[in-house]
Amino acid sequence: MASENRPESQDEKTALIEKDPEQDVHQECGTIAKQRESTLTLYHWTQSFNSQKVRLAIAEKGLLCEQYDVSLPLSEHNEPWFMHLNPTGEVPVLVHNEDIICDPTQIMDYLEQSFNDEGTPKLIPEEGSTYYLRVQHYRELLDSLQMDAYTHGCILHPEITMDSHIPAYAAACIRTQIGNTQSELKKLAEQNPELKDAYIAKQRRLKSKLFDHDNMKHLKKLLDELEGVMDQVETELQRRVEETPEEGSQSWLCGDFFSMADVSLAVTLHRLKFLGLSRRFWGDGNRVNLETYYERVVERPAFRRVLGHVNNILISAVLPVAFRVARKNAPVILGTTLLIGVLGGATYLAFLYMKKRLTVSF
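Below, the structure is looked at part by part. (Residues numbered from 1 in each chain as written. Predicted model: local features only at pLDDT ≥ 70, side-chain atom pairs only at ≥ 80, totals over all residues. Heavy atoms only, no water.)

**Examining the packing of aromatic side chains**
The line we're drawing: Aromatic contacts are taken between Phe, Tyr and Trp rings whose centres are within 6.5 Å, Trp giving its six-membered ring; a plane angle under 30 degrees counts as stacked, one over 60 as edge-to-face, and the others as tilted. Strands here are runs of E lasting at least two residues and helices are runs of H or I lasting at least four, both read from the DSSP assignment and numbered beginning at the N terminus. Three exposure classes are used, based on accessible area relative to the maximum for each residue type with a 1.4 Å probe and protein chains only: buried under 20%, partly exposed in between, and exposed over 50%. The criterion for a charge sitting over a ring is simple: Lys NZ or Arg CZ within 6 Å of the ring centre, and within 35 degrees of the ring normal.
Counting across every chain of the model gives seven aromatic pairs. Here Trp 252 and Tyr 293 contribute two aromatic rings whose centre-to-centre distance is 5.6 Å and whose plane-to-plane angle is 85 degrees, an arrangement assigned as edge-to-face. Note that Trp 252 is positioned in the loop between α9 (216–242) and α10 (260–275) and Tyr 293 in helix α12 (residues 288–297), a separation of 41 residues in sequence. Summarising the burial analysis for this pair, Trp 252 and Tyr 293 share the class buried. Here a set of aromatic residues connected by ring pairs shows up, and it is made of Tyr 43, Tyr 68, Trp 81 and Phe 82. The aromatic ring of Trp 252 is capped on one face by Arg 296, whose charged end is 4.1 Å from the ring centroid. Across from the ring centre of Phe 258, 4.0 Å away, lies the NZ or CZ of Arg 300, which sits over that ring.

**Brief notes about the side chain of Asn 192**
To keep things clear, this is the line we draw: When checking whether two residues touch, look at their non-hydrogen atoms; a contact exists if any pair is within 4.5 Å.
Looking at where Asn 192 falls in the secondary structure, it is placed in the loop between α7 (170–191) and α8 (196–213). Asn 192 has contacts with Pro 80 and Tyr 199, leaving out every residue within four places of it along the chain.

**Section: helix α5 (residues 130–143)**
Put simply, the rule reads: Multiplying 1.5 Å by the residue count of a helix minus one yields the expected span of that helix.
Its 14 residues place the ends of α5 20 Å apart at the C-alpha level, agreeing with the 20 Å of an ideal helix rising 1.5 Å per residue. For α5, every residue scored as buried is listed here: Tyr 132, Val 135, Gln 136, Tyr 138, Arg 139, Leu 141 and Leu 142. The elements touched by buried residues of α5 are α4 (104–114), α9 and α10.

**A closer look at the pattern of salt bridges**
Rules: Within this document, salt bridges are pairs made up of a side-chain nitrogen of Lys or Arg and a carboxyl oxygen of Asp or Glu, the two lying within 4 Å of each other.
In the structure shown here, the tally under the stated rule is 16 salt bridges. Of the charged contacts, one joins Glu 60 and Arg 300 as a salt bridge, the two residues approaching to 2.9 Å between their closest N and O atoms. You can see Glu 60 sitting in helix α2 (residues 49–61) and its partner Arg 300 sitting in the loop between α12 and α13 (301–306), a full 240 residues away along the chain. Of the two residues examined, Glu 60 and Arg 300, each falls in the buried class. Of the charged contacts, one joins Asp 163 and Arg 279 as a salt bridge, the two residues approaching to 2.6 Å between their closest N and O atoms. Here Asp 163 is found in the loop between α6 (147–156) and α7, whereas its partner Arg 279 is found in helix α11 (residues 278–281), with 116 residues between them in sequence. On the basis of relative accessibility, which here comes to 52%, the residue Asp 163 falls in the exposed class. Among the residues examined, Arg 279 registers a relative accessible area of 45% and is labelled partly exposed. Taken together, the shared-partner salt bridges connect Arg 134, Glu 236, Arg 239, Arg 240 and Glu 243 into one network.

Here it is in structure tokens:
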């Protein structure tokens, strides 16, 4: 980061979220005009599970939002400027005018309550309705899943996965990174007395988390519990199949509308696919409704913009970090690049010269 008070620069922003082209143009203009009266800013990391849920909700609602990528691999979430913003040092964080919200569920509720005019899609039904209770039930069920445990567990124990998109070297890297982070937090606590308690608390949480996530017995218990959750979701999706939808409409988890429960489910399934756990929970005749649901949800315009194809997950995580490292080390990298370019050019010219000589000789 360029300073402790704000992100590096303006070009750290991601593209502004736009509404789906299918939505009414006049409604879109009304939503944009309303948002110009205030600033909606999200601090996130592209591969953070909770960040992905919030970003998908923003995209589905068609909201304009300035988004800043806070790189976890570069420990930007541990920098003092961000710890002042959120003392837990976790993403995402939403800033709207004077409001700062750090809990992902609260962020999504806030978005729904704050942007509910006629031109903005509603992702939570009217309170007290049957649909409302259904959506809230599945939101709570899915949000209770310990996705960070699944993520770290699959990285540390790849033997429990099938067709994982995680590279083989990740296990060693994450252990090294966690060890380095603990030392870094201790150093930051000494350098920033006003944040000492926050850094020490985060260091303790990190140590406890690594112990739990590296415990195979604990991980298998969590995966068995996930089986039960997926069974409930499959049963609910079967109910949608048995209902008679209106002509031309599509059914989602809780009805013929896309809801916050679908946001949670879509991102959950995408993460399981990335981790190499999808074949355990759906496919090959197992939970066919869940399989069909995932195939449909990945085609939604908002989903494609926010999450994209599972094969691109590592690229979208690595490239921003690489560019940021390159910018911080621009003189060194530029010099090295020029040297490589000169040597490469000279080698190529020598090759052409020798090729010409050999041709003449023959």
